[in-house]
Amino acid sequence: QVQLVESGGGLVQAGGSLRLSCAASGVTFSSYNMGWFRQTPGKERKFVAAISWSGGSTSYADSVKGRFTISRDNAKNTVYLQMNSLEPEDAAVYYCAAPRPQYGSVWPVVKYDYWGQGTQVTVSS
C-alpha cells in the first residue's frame, strides 16, 4: 500500500520561505518519479514541480520557476519542495504525488495515481 505523508506547511509572511517534505512508504522510492501539486478552494489541483527517480531531471510550473526547488533523498524515501520568495498567490494545500508502479520511472510523468493528504501553506501579505 502506497502512502505519501506531507509535512512542513504553515503560515509565513510574503517573501518568506518554507520547506515541504513528503515521506513515502510502500514503494521502491528510488524507482519513482515524484511530483508536487497545489490546490485552492473551488479550483482544480495544479502542477507545481516534478523530479525524476534519480533526481537528475526536474520540471516546474512557470509560476514557481526560480523560486521553488524540488529535491529528493532516496535514502530517506523523501521528496522536498523548498519554497522561497513566497507570494500570497502561493497559498494553497500542497500535495505530494506518485505515478502507478508500471510508470514509476517513465519521464516525464503523464499521470499521477497516488496522493498524500496535503499540507496547508498560508502566505500573509
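Going along each chain's sequence as written, the residues are numbered from 1 onward. Only residues with pLDDT of at least 70 get local features here, since the model is predicted, and only at 80 or more are side-chain atom pairs given and counted; chain-wide, interface and lining totals rely on the full set of residues. Hydrogens and water are ignored here; the side-chain numbers use all heavy atoms of the structure.

(A) Molecular detail of the state of the cysteines. A pair of sulfur atoms, both from cysteines and within 2.5 Å, is called a disulfide here. Overall, the coordinates contain 1 disulfide when judged by the stated rule. Each disulfide pairs two cysteine sulfurs, and for Cys-22 the partner residue is Cys-96, the sulfurs being separated by 2.1 Å. Residues Cys-22 and Cys-96 are joined by a disulfide whose S-S torsion is about -75°; by sign, that bridge is left-handed. Placement of Cys-22 in strand β3 (residues 18-25) and of Cys-96 in strand β9 (residues 92-98) is noted, with a sequence separation of 74 residues between them. Secondary structure elements follow DSSP: runs of H or I of four or more residues count as helices, runs of E of two or more count as strands, with numbering from the N terminus.

(B) Just the environment of Asp-113, in detail. Structurally, Asp-113 can be placed in the loop between β9 and β10 (114-115). We call two residues contacting when some pair of their heavy atoms lies within 4.5 Å. Excluding residues within four positions of it along the chain, Asp-113 makes contact with Ala-98, Pro-99 and Arg-100. A distance of 3.1 Å separates a polar atom in the side chain of Asp-113 from a polar atom in the side chain of Arg-100. What qualifies as a polar contact is a pair of N or O atoms within 3.5 Å, subject to a donor-acceptor requirement within protein and to the restriction that residues adjacent in sequence count only when both atoms come from side chains.

(C) Spatial organisation of the nonpolar core. If you look at the biggest cluster of nonpolar residues, it comprises 29 residues, and the most contacted ones within it are Met-34, Trp-36, Val-79, Leu-81, Met-83 and Tyr-94. Dropping the residues within four chain positions of it, Val-79 is found in contact with Leu-20, Ser-21, Cys-22, Phe-29, Met-34, Trp-36, Ile-51, Ile-70, Ser-71, Arg-72 and Cys-96. By size, the runner-up hydrophobic cluster in this structure holds 5 residues, among which are Phe-37, Ala-97, Val-109 and Tyr-112. Remark: nonpolar core denotes a set of buried residues (Ala, Val, Leu, Ile, Met, Phe, Trp, Tyr, Cys) joined through side-chain atoms within 4.5 Å. Partly exposed describes any residue whose relative accessible area lies between the buried limit of under 20% and the exposed limit of over 50%, with all areas from a 1.4 Å probe on protein chains only and scaled to the type maximum.

(D) Up close: unusual backbone geometry. Backbone torsion omega between Trp-107 and Pro-108 reads 0°, so that peptide bond is classified as cis. One can find Pro-108 in the loop between β9 and β10. Even without glycine at this site, Asn-77 takes up a positive phi of about 55°. Along the chain, Asn-77 turns up in the loop between β7 (68-73) and β8 (78-83). One non-glycine residue, Ser-85, adopts positive backbone phi at about 50°.

(E) Inspection of the packing of aromatic side chains at higher detail. Any Phe, Tyr or Trp ring, taking Trp's six-membered ring, that has another such ring centre within 6.5 Å forms a pair; planes under 30 degrees apart are called stacked, those over 60 apart edge-to-face, and the others tilted. Under the definition given, this model contains 4 aromatic pairs. A centroid spacing of 5.0 Å and a plane angle of 80° characterise the contact between Phe-37 and Tyr-112, whose relative ring orientation is edge-to-face. Highlighted residues: Phe-37 in strand β4 (residues 34-39) and Tyr-112 in the loop between β9 and β10, separated in sequence by 75 residues. For Phe-37, a relative accessible area of 11% gives the class buried. Since its relative accessible area comes to 11%, Tyr-112 is described here as buried. Relative to Trp-115, the ring of Phe-37 lies with its centre 4.9 Å away and its plane at 70°, an arrangement referred to as edge-to-face. Of the two residues, Phe-37 is situated in strand β4 and Trp-115 in strand β10; the sequence distance between them amounts to 78 residues. Given the relative accessible area of 33%, Trp-115 is considered partly exposed. An aromatic cluster of at least three residues, connected via ring pairs, comprises Phe-37, Phe-47, Tyr-112 and Trp-115.

(F) Representation of the sheet that holds β8 in the model. The sheet built from 4 strands is open, its strands ordered β1-β3-β8-β7 with antiparallel pairing. Across the chains shown, the open sheet's two edge strands, defined by having one partner strand only, are β1 (3-7) and β7. Within this sheet the neighbouring strands show an average axis-to-axis angle of 15°, counted without direction. Two strands are said to pair when DSSP picks up at least two bridges between them. Fitted lines through C-alpha atoms serve as axes, helices being fitted only where they are in contact, and the angles separating the N-to-C directions of these axes extend from 0 to 180 degrees.

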